[in-house]
Amino acid sequence: MIKVDRRRGCLLNQAEFADGPVIYWMSREQRVRDNWGLLHARELAGDKYPLIVVFCLAPAFVGATMRHYDFMLRGLQQVERDLRFLGYEFVLLSGAADKVLPEFVREVGAGAVVTDFDPLRIKQQWQAGIGQEIEVPLIEMDGHNVVPARFVSGKREYGARTIRPKIHRLMPEFLEEFPALGTTQVKGAGFPATDWEQVFSSLRVDETVSPVDLAPGEAAAHTALDEFISKRLVKYAEDRNDPNAEGTSRLSAYYHFGQLAPQRAALNVVACPSGPGVEAYIEELVIRRELSDNFCLHTPNYDSLDSAPEWALKTLAEHAADLRDYAYSYEDFEQARTHSALWNACQNQMVQSGFMHGYMRMYWAKKILEWSASPEEALRIVIALNDRFEMDGRDPNGYVGALWSVAGVHDRGWKKRPVFGSIRYMNDRGCRRKFDVDAYIAKWSPRSLMRYMS
Ligand code: FO1
């Protein structure tokens, strides 16, 4: 009988539990604490079998650059250190998971494999391939969402308005403390520590997008969470729309690489005195983030225009032939060579820091819609730039943000305009009403980008 956690778990294949080590195939949730997949694997191993944590390092991953691999690998180095300290083994396999994991499962004679829920296409493909090839259970655990994505809704939700009540109703049950992982007495299979020098030197990724000065890893993520809660949470509701206030959590890279559990952040935030900041952050952290996973899980073509709602596709088609005041290429946008000083400043902030303020991301993406040859081209450019420079690129949150901005996903129709039709419009004037645009431009002006790109 296979024990599968009935609330957060899902059996991905039909196979019998066998005697042998339990593998936790770490992928989305790259941390030791607060990790439901790791905890479930630990429970299956009990005091009878070794628990082996495996990470499959893909040689290329959806356009990821050195900025992303450097951050991720330095975080994984800490994962290995922390696991070995508790008596567990960590093995890094080089190669895409569906290529290298089945062989490893056979080699160690594993009795079961546990992995992380991830709605992204590449992960779903890896899991389907591996589930078919191994003869032991492949169990998926949702370590990313407070209310597991498969539990909260069986269909694509219309928007925050429809998923919010479903999540709030289940939060009391699911927003629970994590048990500690604890140590193990079971002797491992004797895998040597990872040769990280060799891992870094064998990387063949685009190095022109260099790492940003953000401390990687689980400990740094917790420090960043504590700092956000103590210094910025109380004013989060009003500061989150002011790019000069640096009021955002800046935790998205830690969530994306799984170095911090959104549930941990939610537990610590709701423990604070309630107020607009707590409300606003829980809305972003739980409702918006879980809505993104829901969208990607139930929308296979989550990164293409035809996943947009009917009304949006119709209005964009009606205005596809409208005259564009400007029509820039991918390179023009990437090099921040547009006529708009504000738009160029947004692009520079993203290129240099790996982050762009949430409010500016919407403005930035909507201007690409306005100044591209077509909505299809605009969406392609938004996703390509976002995934190349943002620390939290290649994430369900990012795809939904792009489709919200360009094609009204989870939004509604507004007053008609050229090119946009009834897609919500944003411009410099709207920004000037919200914050000091000149200060933002001064801080992120192109001259600093030239220094960066030269
Ligand atoms: N996940 C893996 O399991 N193996 C990888 O080699 C890998 C590389 C990678 C590079 C950049 C990046 O942004 C994400 C990467 N991921 C990798 C995915 C990671 O698990 C992401 O956090 C989730 O896919 C987000 O849904």
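In this text, all values refer to a predicted model and were calculated from it rather than measured experimentally.

Comments concerning the domain arrangement of the protein chain
Once the domains are mapped, the protein chain shows domain 1 (1-143), domain 2 (144-178 + 218-300) and domain 3 (305-453). Opposite the 26 residues of domain 1 that make contact, domain 2 presents 29 residues. For the domain 1 and domain 2 pair, buried surface summed over both sides reaches about 2500 Å², with 48% attributable to carbon and sulfur atoms. Area buried by domain 1 at its contact with domain 2 is led by R7, D34 and F71, which between them contribute 26% of it. Its salt-bridge partner being R150, residue E140 comes within 2.7 Å of it at the nearest N-O pair.

Here we look at the site of the ligand
Around the ligand, the structure places 20 residues, and the nearest of them are S27, A58, D118, K123 and H256. Between the ligand and D118 there is a distance of 2.8 Å, counted from an oxygen atom to a side-chain nitrogen or oxygen. Alone, the ligand offers 520 Å² of accessible surface; in the complex the protein occludes 100% of this. Mapped onto the shell around the ligand, the elements with two or more residues apiece are β3 (51-57), α2 (66-85) and α4 (121-133).

What about helix α6 (residues 160-174)?
For an α-helix, 3.6 residues make a turn, and residues three or four places apart therefore share a direction. The largest bend in α6 comes to about 30 degrees, at H168, with the proline P172 one to four residues further on. The set of residues buried in α6 consists of A160, I163, I167, L170, M171 and F174. Buried residues belonging to α6 abut α5 (149-152), α11 (262-270) and α12 (276-298).

Brief notes about the pattern of salt bridges
Within this structure, the stated rule accounts for 36 salt bridges. In this structure, D118 engages K123 in a salt bridge whose closest nitrogen and oxygen atoms are separated by 2.7 Å. Residue D118 shares its accessibility class with K123, and that shared class is buried. Here E177 makes a salt bridge to R264, at a shortest N to O gap of 3.1 Å. Here E177 is found in the loop between α6 and α7 (196-201), whereas its partner R264 is found in helix α11, with 87 residues between them in sequence. R264 sits in the buried class, given a relative accessible area of 11%. Salt bridges here are not isolated pairs; linked through shared partners, they connect R7, R8, E173 and E176.

What about the packing of helix α17 (residues 375-389) against helix α18 (residues 396-407)?
Close contact between α17 and α18 brings their axes to 10 Å; oriented N to C, the two are set at 145 degrees. Like other packed secondary-structure pairs, α17 and α18 cross with a definite hand, here right-handed. Contacts from P375, L379, V382, I383, N386 and D387 in α17 reach G398, Y399, A402, L403 and V406 in α18. Along the lines of polarity and charge, the residues of the contact of α17 with α18 split into eight nonpolar, two polar and one charged.

Here we look at the pairing of strand β4 (residues 89-94)
The buried count for β4 comes to five of six residues, which makes it a mostly enclosed element. As judged from the six bridges shared by β3 and β4, these two strands associate in the parallel manner. Residue pairing across strands places L57 opposite S94, the latter belonging to β4. As for the winding sense of the linkage, the β-α-β connection from β3 through α2 to β4 is right-handed.

What about the state of the cysteines?
Inspection of the entire model under this criterion finds zero disulfides. Free of any disulfide, C10 has its nearest neighbouring cysteine sulfur in C296, separated by 17 Å. By relative accessible area, C10 is classed as partly exposed at 22%. Not part of a disulfide, C56 finds its nearest cysteine sulfur in C10, a span of 19 Å. Take C56: its relative accessible area is 4%, and that puts it in the buried class.

Parameters at a glance
Counting restarts for each chain: residues are numbered from 1 in the order of the written sequence. It should be noted that, the model being predicted, local features are given only for residues of pLDDT at least 70 and side-chain atom pairs only at 80 or more, the latter also being counted only at that level, while totals for whole chains, interfaces and linings use all residues. The basis for every side-chain value is the complete set of non-hydrogen atoms in the structure, without hydrogens or water. For each domain, the first and last residues come from an automatic or database assignment. Contact definition: two residues touch when any of their heavy atoms are within 4.5 Å. The term buried area refers to how much accessible surface (probe radius 1.4 Å) is lost by two components on association, counted for both of them together. For this analysis, a salt bridge means a side-chain nitrogen from Lys or Arg found within 4 Å of a carboxyl oxygen belonging to Asp or Glu. A single heavy atom is enough: if one lies within 4 Å of a molecule or strand, its residue is considered near that molecule or strand. Counted as a polar contact is a pair of N or O atoms within 3.5 Å, where, for protein atoms, one must be capable of donating a hydrogen and the other of accepting one, and residues adjacent in sequence contribute only when both atoms are in side chains. Surface accessibility in these figures is a Shrake-Rupley result with a 1.4 Å probe; residues are shielded only by whichever protein chains are displayed. The helix count covers DSSP runs of H or I at least four residues long, the strand count covers runs of E at least two residues long, and both are numbered beginning at the N terminus. Two axes define the bend at a residue: one fitted to the seven residues ending there, one fitted to the seven starting there, and the bend is the angle between them. Each residue is assigned to one of three classes by its accessible area relative to the maximum for its type, calculated with a 1.4 Å probe on protein chains only: buried under 20%, partly exposed between the two thresholds, exposed over 50%. Lines fitted to C-alpha atoms define the axes here, with helix axes fitted over just the stretch in contact, and angles between the N-to-C directions of these axes take values from 0 to 180 degrees. Crossing handedness is read from the near helix: turned anticlockwise from the far helix by less than a right angle, it gives a left-handed crossing, and turned clockwise, a right-handed one. We call Asp, Glu, Lys and Arg charged. Ala, Val, Leu, Ile, Met, Phe, Trp, Tyr, Cys and Pro are nonpolar, and the rest, Gly among them, are polar. Here, strands pair whenever DSSP counts at least two bridges between them. The handedness of a crossover follows from its direction of travel: if, with the strands pointing away from the viewer, the path from the first strand over the helix to the second runs clockwise, the crossover is right-handed. To count as a disulfide, a pair of cysteine sulfur atoms needs to be within 2.5 Å.

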